[in-house]
Amino acid sequence: MERIHDMIIIGGGPAGYTAALYAARAGLDVLVIERMSAGGQMAVTDTIDNYSGFSEGIPGWELGMKMQAGAERFGAVTKYGEVVSAELEGNIKKVRTSSDEFGARTVVIATGANPRELGVDREEEFVSRGVHYCAHCDGRFYKNKVVAVVGGGNSALEDALYLSRLAAKVYLIHRRDSFRASKIYVDALSKSTNIEFLANSSVAELIADERVTGIRLADGRELEINGLFVSIGRKPASDIFRGQLKLDEGGYIVADESTRTSIAGVYAIGDVRTKPLRQVVTAVGDGAVAVHFAEEYLAECD
Ligand code: NAP
């Protein structure tokens, strides 16, 4: 272990690099450990146009690079590697990658959440060419087109309703005949004139040439569509913390608006935290809040 940092931030998405900016600017010795490249899920989003301040929108990867540069300007350091384990209890917390061990007085977890995949053949091949996991990010490409949404939870119904305001027609495909979603969404759905609900249905196959042109359902029916939005839940990247931190039933790290977790000196920010709205703008807010409470914690320890 080379030295004990004031703060290790695991994950270099918008939450992680905002925490790094705030911490480095406050004079803390900050290390960000990032698996691949800055930006997290945001980096695979074509254009971010719901993050205030960019009047023409901005490519997700570019915003990620800018956030990293902004934090590094104040002295935050990035190491690339995948965190494989962490010991979070105690005054000195240890974080291990496959090749190194790092120590810090505080740990900020910003590992995010990944969309759950449908599991049909060639799904990965057609990501962004007709297969999407974020209606609010990519829905605008389907103005006056035909799309399908898969899922029956709040996200799927919210996505279907959002897309129904852009697309000519929306199929909502759900494997059961009743929804997990709240009544407010189900009521709104019943009033919509361009959403067709296909109950007890599932997608068996993608039909595609250069991009998706349709889907075949398990009952053999074929639907001509331009885009498929998979909205069947998300997998928070919290597995390595299981058994140490309190997680909710979906695997999200339990932390309130203070971002404090069940272990003192450990904070969860962005999409990996229990919260009602997972967006870039709420992730960056978490980053600032975590540093505020981490500074308080460090001052108490001194
Ligand atoms: P969710 O509530 O877990 O719903 C996932 C849906 O996908 C379920 O309908 C499930 O079907 C279906 N599903 C799961 N695996 C599937 C598969 N392999 N193939 C086909 N369908 C599959 O997930 P979510 O909708 O993303 O919501 C996540 C959390 O965020 C929830 O707590 C939700 O309430 C919350 N949220 C809240 C709001 C809001 O309040 N405004 C908005 C969005 C999300 P079954 O029902 O058959 O299991």
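Bear in mind that the values here come from a model prediction, so they are computed numbers and not experimental data. Once a new chain begins, its residue numbering starts again from 1 and follows that chain's sequence as written. pLDDT decides what is reported in this predicted model: residues at 70 or higher carry local features, side-chain atom pairs at 80 or more are listed and counted, and totals for whole chains, interfaces and linings draw on all residues regardless. To get the side-chain values, take all heavy atoms of the structure and skip hydrogens and water.

## A few points about helix 4 (residues 154–164)
Here comes step 1: For every residue, the accessible area obtained with a 1.4 Å probe (protein chains only) is divided by the maximum for its type, and the residue is called buried under 20%, exposed over 50%, and partly exposed between those limits. Secondary structure elements follow DSSP: runs of H or I of four or more residues count as helices, runs of E of two or more count as strands, with numbering from the N terminus. When helix 4 is considered as a whole, its buried residues turn out to be Ala156, Leu157, Asp159, Ala160, Leu161, Leu163 and Ser164.
Here comes step 2: Note on contacts: a residue pair is in contact if any heavy atoms of the two residues lie within 4.5 Å. If you follow the buried residues of helix 4, they end up packed against helix 3 (135–138), strand 11 (146–150), strand 12 (169–173), helix 5 (183–191), strand 13 (195–198) and strand 17 (227–230).

## Examining the site of the ligand
Here comes step 1: When at least one non-hydrogen atom of a residue lies within 4 Å of a molecule or strand, that residue is treated as near it. The environment of the ligand is made up of 13 residues, and the closest members are Asn154, Ser155, Arg176, Arg180 and Tyr185.
Here comes step 2: Identification of polar contacts relies on pairs of N or O atoms within 3.5 Å, with a donor-acceptor requirement for protein atoms, meaning one able to donate a hydrogen and the other able to accept it, and with residues adjacent in sequence counted only if both atoms are side-chain atoms. The backbone of Gly152 places a nitrogen or oxygen atom 2.9 Å from an oxygen atom of the ligand.
Here comes step 3: At 3.2 Å, a backbone N or O of Gly153 approaches an oxygen atom of the ligand.
Here comes step 4: Here the ligand, which alone exposes 910 Å², has 67% of that area covered by the protein. Per-residue and other accessible areas follow the Shrake-Rupley method at a 1.4 Å probe size, with only the shown protein chains counted as cover for residues.

## Topic: the domain arrangement of the chain
It is common to give the size of an interface as the accessible area that goes away when the parts come together.
Here comes step 1: By domain assignment, the chain separates into domain 1 (4–114 + 234–301) and domain 2 (117–230).
Here comes step 2: Reported domain spans reflect what an automatic or database domain assignment gives. A C-alpha centroid distance of 31 Å is found between domain 1 and domain 2.

## Examining the side chain of His132
Here comes step 1: Here His132 lies in strand 10 (residues 131–132).
Here comes step 2: Here His132 falls in the buried class, since its relative accessible area comes to 4%.
Here comes step 3: Within the structure, His132 has its side chain in polar contact with the side chain of Asp138 (distance 3.1 Å).
Here comes step 4: Contacts of His132, omitting those with residues within four sequence positions, involve Asp138, Tyr142, Leu228, Phe229 and Val230.

## Here we look at the sheet that holds strand 12
Here comes step 1: Strand order in the open sheet formed by five strands is 10-17-11-12-13, with parallel pairing between adjacent strands. Two strands in the sheet have a free side with no partner beyond their single neighbour: strand 10 and strand 13.
Here comes step 2: As defined by bridge partners, strand 10 adjoins strand 17 across two bridges and the pair is classed as parallel. Following the sheet pairing, His132 is matched in strand 17 by Phe229. Paired strands are those between which DSSP finds at least two bridges.

## Thoughts on the side chain of Asp138
Here comes step 1: Tracing the backbone through its elements, the reader meets Asp138 in helix 3.
Here comes step 2: Buried charge Asp138 goes without a salt bridge, the closest partner of opposite sign being Arg140 at 6.3 Å.
Here comes step 3: What Asp138 contacts, discounting residues up to four positions off in sequence, is His132 and Phe229. A positive count includes Lys and Arg, and a negative count includes Asp and Glu. His and the chain ends are not counted in either. By salt bridge we mean one thing: a side-chain nitrogen of Lys or Arg within 4 Å of a carboxyl oxygen of Asp or Glu.

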